[in-house]
Amino acid sequence: MAEVSISHPLDDYLRKGVLPHIWCAGCGYGVILNCFIRALHELEFNLNDLVVVSGIGCIGRISGYINADGFHTTHGRALAFATGVKLARPHLKVAVISGDGDLFAIGGNHFIHAARRNIDVTVICANNFIYGMTGGQLGPTTPLSAYTPTTPYGSIEHPFNLVYLAAGSGAVYVARWTVFHVRELITSMKKALQRKGLSFIEVITPCPTLFGRYNRLGSAVEILDWLKVSSVTRYHSNPAEAEITLGGKIIVGEFVDTEKVTYSEFLRKMTEEVQQRLEKEERRTLASL
Ligand code: SF4
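Conventions adopted
Counting restarts for each chain, with residues numbered from 1 along the sequence as it is written. Where totals are concerned, whole chains, interfaces and linings use all residues; where local detail is concerned, this predicted model gives features only for residues with pLDDT of at least 70, and gives and counts side-chain atom pairs only at 80 or more. Where side-chain values are given, they derive from all heavy atoms of the structure, hydrogens and water being excluded. Within this analysis, patches are made of residues with over 30% relative accessible area and no salt bridge. Like charges are joined at 9 Å or less; nonpolar side chains (Val, Leu, Ile, Met, Phe, Trp, Tyr) at 5 Å or less. What sets the accessible areas is the Shrake-Rupley method with a 1.4 Å probe; for residues, cover comes only from the shown protein chains. We define a salt bridge as a contact between a side-chain nitrogen of Lys or Arg and a carboxyl oxygen of Asp or Glu at a distance within 4 Å. Starting at the N terminus, helices and strands are each numbered in turn, a helix being any DSSP run of H or I of at least four residues and a strand any DSSP run of E of at least two. Note on exposure labels: buried denotes an accessible area under 20% of the residue type's maximum, exposed denotes more than 50%, and partly exposed covers the range between, all computed with a 1.4 Å probe on protein chains only. These domain boundaries are the output of an automatic or database domain assignment. By definition, residues are in contact when any of their heavy atoms lie within 4.5 Å. Here the quantity called buried area is the accessible surface, traced with a 1.4 Å probe, that two parts lose on coming together, added over both. In protein, a polar contact requires one atom able to donate a hydrogen and another able to accept it; more generally it is a pair of N or O atoms within 3.5 Å, and residues adjacent in sequence count only if both atoms are side-chain atoms. Following the grouping adopted for this structure description, the nonpolar residues are Ala, Val, Leu, Ile, Met, Phe, Trp, Tyr, Cys and Pro, the charged ones are Asp, Glu, Lys and Arg, and the polar ones are all others, Gly among them. To obtain the arc, one takes the directions from the helix axis to the C-beta atoms. What we call a nonpolar core is a set of buried Ala, Val, Leu, Ile, Met, Phe, Trp, Tyr and Cys residues that are connected through their side-chain atoms within 4.5 Å.

J.: Honestly, a nonpolar patch on the surface in this entry has me stumped. Any pointers?
T.: Together, Ile22, Ile56 and Met133 make up a nonpolar patch on the protein surface, roughly 240 Å² of accessible area in all. Checked against the element boundaries, methionine 133 lands in the loop between β5 (130–131) and β6 (137–138). The exposure class of methionine 133 is partly exposed, given its relative accessible area of 43%.

Structure representation (C-alpha cells):
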C-alpha cells in the first residue's frame, strides 16, 4: 500500500525535528506560536529575512521551534541581543518573543531603553503573571493579591501595567490581546512585523499548571473562559487605565499606533554624513599637498 504523507500548510515554519514542544497541556504558548507563524504565512514572509530572539523561561524555547535564524539568549538579555542583530544586519526583521519576567524584571532596563531609542524590533511579551519555568514565583506583572509560591498570603506589590510602560517608553505600536483573541492577535502581529521602530504586543496567556492552580482558576478551558469574559476590547484607549487586577476587566486592543524615526535611520544618516565629511577633508588634504 502506498505510504500517505500528511503535511500541514504551516509545516515549513516549524523545525519539526525539535518537536514535540516542552509546554504543559493547556499552556497558552502553543497559541502564541501558532498565531505568530500564521502571521508570517499571511504576510508571505521570507523566513531568511527573520531572526527570532528569546530569553529564559518556558516561552524561551520558541526561537528554537520556528524555522528561522534564532537566538535563545541569557536571562533578560533578549533585547540586548536583538539590538545587536538589528544594528549588524539592518535588513533583517528581528522579533523578540519572551516572557514577562525575562522582559520586564531582569530585562526591564533593556526594554525601556530599546523603546526610547526606537530600535526596529517587534517585541511580543507572553504574560502569564509569574515565573513559570522556575516554579511560579511572583514576577513584575503578578496582580495584587494573587497567590504564588512566594506570596502565600497574596501579592502586596503593584504590578507593571505593560502597555502603559511600553507607551510611556516610546514604543510606536502597542497592543494587548489574550490567547483567546487569536484573529485579533494575528492581525496585530502582522501590523507589528511591518512597523518600523519598536512595536510591542502583550499577550495574556494561561499557566494552568502554576498561576491557575495557585489562584484556583480551574482547568485550562475554564481559564480561557475567564480571559474571554473578563476582556473588554477598546481601540486607542488610555493605557494608563489598563492595569490588570484579579477579578477586574482586562482591557485589550490597540493603544498606540504611530510613526517616528528609528535608531537605525538616525544611525544610517549620521554614518553617511560623517563619511561625506571625511571624504571632503581627505580631498582637501590631497589638494593641499
Ligand atoms: Fe506553560 Fe506554566 Fe507549563 Fe510553563 S509551567 S509551560 S508557563 S503552563
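J.: I would appreciate a short explanation of the domain arrangement of the protein in the present structure.
T.: The domain architecture assigned to the protein consists of domain 1 (11–258) and domain 2 (260–289). Using C-alpha coordinates to define each centre, domain 1 is positioned 39 Å away from domain 2. The partner domain 2 presents seven residues to the ten residues of domain 1 that form the contact. In this assembly, domain 1 packs against domain 2 so that about 730 Å² is buried in total across both faces, 57% of it on carbon and sulfur atoms. If you sort the residues of domain 1 by the area they bury against domain 2, Leu87, Asn118 and Lys196 come out on top, with a joint share of 49%. Counting the contacts that link domain 1 with domain 2 gives one salt bridge. For lysine 196, the salt bridge goes to glutamate 265, with nearest N and O atoms at 2.6 Å. The tally of links between domain 1 and domain 2 comes to six residue pairs in polar contact (both at pLDDT 80 or more). Here the residues of the side of domain 1 that touches domain 2 are counted per class, giving three nonpolar, four polar and three charged.

J.: Would you mind showing me how to read the pattern of salt bridges here?
T.: If the charged atoms of two oppositely charged side chains come close together, the side chains can form a pair. In total, this model carries eleven salt bridges according to the counting rule given. Residue lysine 191 is joined to glutamate 254 by a salt bridge in which the shortest nitrogen-to-oxygen separation is 2.9 Å. One end of the pair, lysine 191, is in helix α7 (residues 182–194); the other, glutamate 254, is in strand β10 (residues 250–257), and 63 residues separate them in sequence. Taking the relative accessible area as the measure of exposure, lysine 191 reaches 28% and is therefore partly exposed. In this structure, lysine 269 engages glutamate 273 in a salt bridge whose closest nitrogen and oxygen atoms are separated by 3.2 Å. One end of the pair, lysine 269, and the other, glutamate 273, are both in helix α10 (residues 263–288), four residues apart, so they sit about a helical turn from each other. Given the relative accessible area of 38%, glutamate 273 is considered partly exposed.

J.: Looking at this structure, how should I read helix α9 (residues 220–230)?
T.: An α-helical segment advances 3.6 residues per turn. Residues three or four places apart therefore align on the same side. Those residues of α9 that sit buried are Ile223, Trp226, Leu227 and Ser230. On an axial view of α9, the arc spanned by its buried residues comes to 95°, and they lie on one face. When the buried face of α9 is taken as reference, the exposed residues oriented beyond 90 degrees from it are Val221 and Val229. The inward-facing, buried residues of α9 contact β7 (173–178), β8 (199–204), α8 (208–214), β9 (231–233) and β10.

J.: How do you make sense of the nonpolar core when you look at a structure like this?
T.: A general trend in soluble globular proteins is that nonpolar side chains are found buried together. One finds Phe36, Leu50, Ile66 and Met189 to be the most contacted residues of the largest nonpolar core, which totals 51 residues. Of the residues forming this core, the biggest block, eight residues, is contributed by helix α1 (residues 29–42). Excluding its chain neighbours within four sequence positions, the residues that come into contact with leucine 50 are Phe36, Leu40, Phe45, Ala68, Asp69, Lys93 and Ala95. The next biggest cluster of nonpolar side chains, apart from the first, holds 29 residues, and it includes Val94, Val123, Leu162 and Val174.

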